[in-house]
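Overview (structure and organization)
Here's the letter readout for the chains.
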Amino acid sequence: MKKIHIIICFIAIAISSITGCKKTITYQTAQLTDYLQLQPGKTITYHLDSTNFVFFGTIDTVTSYTIQDVVDTLFIDNLGRPSWRVIRYITDTAQSAPWSNNETYQITPTRQTVEVIENNLRYLKLSLPLVNGFNWPGNTYIDTNAPDTSIDADYSYLAGWNYTYDSIGSPYTVLAGTIPNTLIVRQQDQMIGDSTDPTAFSERDYSVEVYGKGIGLIYKDFLHWEYQPPNGSNAAGYRTGYGVRLNMVGHN
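Let us look at the structure shown here. Everything numeric in this text was worked out from a predicted model, so none of it was measured. (Residues numbered from 1 in each chain as written. Predicted model: local features only at pLDDT ≥ 70, side-chain atom pairs only at ≥ 80, totals over all residues. Heavy atoms only, no water.)

1. Remarks on the environment of Arg88
- Relative to the elements of secondary structure, Arg88 occurs in strand E3 (residues 82-91).
- C-alpha separation for the pair Arg88 and Ile67, spaced 21 residues apart in sequence, amounts to 6.7 Å.
- Side chain to side chain, Arg88 and Asp69 meet in a polar contact 2.7 Å long. (Helix = DSSP H or I, 4+ residues; strand = E, 2+ residues; numbered from the N terminus. Polar contact = N/O pair within 3.5 Å; in protein donor to acceptor, adjacent residues only side chain to side chain.)

2. Topic: the layout of surface pockets
- Of the pockets and cavities examined, the largest pocket occupies roughly 890 Å³.
- As for the largest pocket, its lining consists of 48 residues, and the residues nearest its centre are Arg88, Glu103, Glu118, Lys220 and Leu246.
- When residues of the lining of the largest pocket are assigned to their parent elements, the largest contribution, seven residues, is made by strand E1 (residues 43-54).
- When its residues are assigned to classes, the lining of the largest pocket shows 29 nonpolar, eleven polar and eight charged. (1 Å grid on protein atoms, 1.4 Å probe; cavity = no way out; pocket = protein on both sides within 12 Å on 5 of 7 lines; lining within 4 Å. Points joined across faces, edges and corners; volume = space filled by probe spheres on them. Nonpolar A, V, L, I, M, F, W, Y, C, P; charged D, E, K, R; others polar.)

3. Re the pairing of strand E10 (residues 202-212)
- Where burial is concerned, most of E10 is hidden: nine out of the eleven residues are buried.
- Sheet topology places strand E9 (residues 177-192) next to E10; ten bridges connect them, and they run antiparallel. Among the inter-strand pairings, Met191 is bridged to a residue of E10, identified as Arg204.
- With eleven bridges joining them, E10 and strand E11 (residues 216-228) adopt antiparallel strand pairing. (Buried < 20%, exposed > 50% of the residue type's maximum accessible area, 1.4 Å probe, protein only. Pairing = 2+ DSSP bridges.)

4. Description of the packing of aromatic side chains
- Under the criterion given, the structure shown has six aromatic pairs.
- Ring geometry for Trp136 versus Tyr163: centroids 5.7 Å apart, planes at 65°, classification edge-to-face. In this pair, Trp136 sits in strand E7 (residues 135-136) while Tyr163 sits in strand E8 (residues 163-174), placing the two residues 27 residues apart along the sequence. There is no split in this pair, since Trp136 and Tyr163 are both buried.
- One aromatic cluster is present, built from ring pairs that chain together Phe134, Trp136, Tyr163 and Tyr165.
- One Lys or Arg, Lys125, reaches over the ring of Tyr123 and ends 4.5 Å from the middle of that ring. (Phe/Tyr/Trp six-rings, centres within 6.5 Å; stacked < 30°, edge-to-face > 60°. Lys NZ or Arg CZ within 6 Å of the ring centre and 35° of its normal.)

Next comes the structure, spelled out in structure tokens:
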């Protein structure tokens, strides 16, 4: 019995040593909602540059507008979670034309993430912990395998994006001035093929967003295009895609 007791003691010591070596890493970070301002009537106004490809995709053109996002009301989404409805209004850059309703989207802050549903696409825009270099699959809820038909657009280019935090707490300058506390979310920066070769396919995907503490989204730069080289039915190469650049000019 004495030998058995000694063996048991050795086992207990070994288990204690193993468990004692475990380390727990605790992140002390800001809350995700610190980088939003979700109250009815809160607004952010942007200068918008919209890139499109015209003349059968042979020319890219940039059209500018002024848009304003207005936090409308709190509601319960179809998953039973409190969400905020945001209405986007649009006018010309001189703001001479009446404001018109451009779109409505929703923001759902959860304990771990901030979700945004825009154009029926569900993005994970922010995620804990707020630590430089932390990354997460921001497009995980988007069906990137949907067929390219008149009903379902082809979102395959959104597959595999890893959103990554950069420069948390640093200042960032927009048209409204320098915002002292911001964070950058680098979503994608990819070039496929050689864009200088007119005889070969190429694709460009770039997306970055910047959030200001106590404000929300203050800057966005998104660009997606695909170039198709000349073929039997296409005498000249062409591009398809679009770009959106938002630059904050004011908020309340």
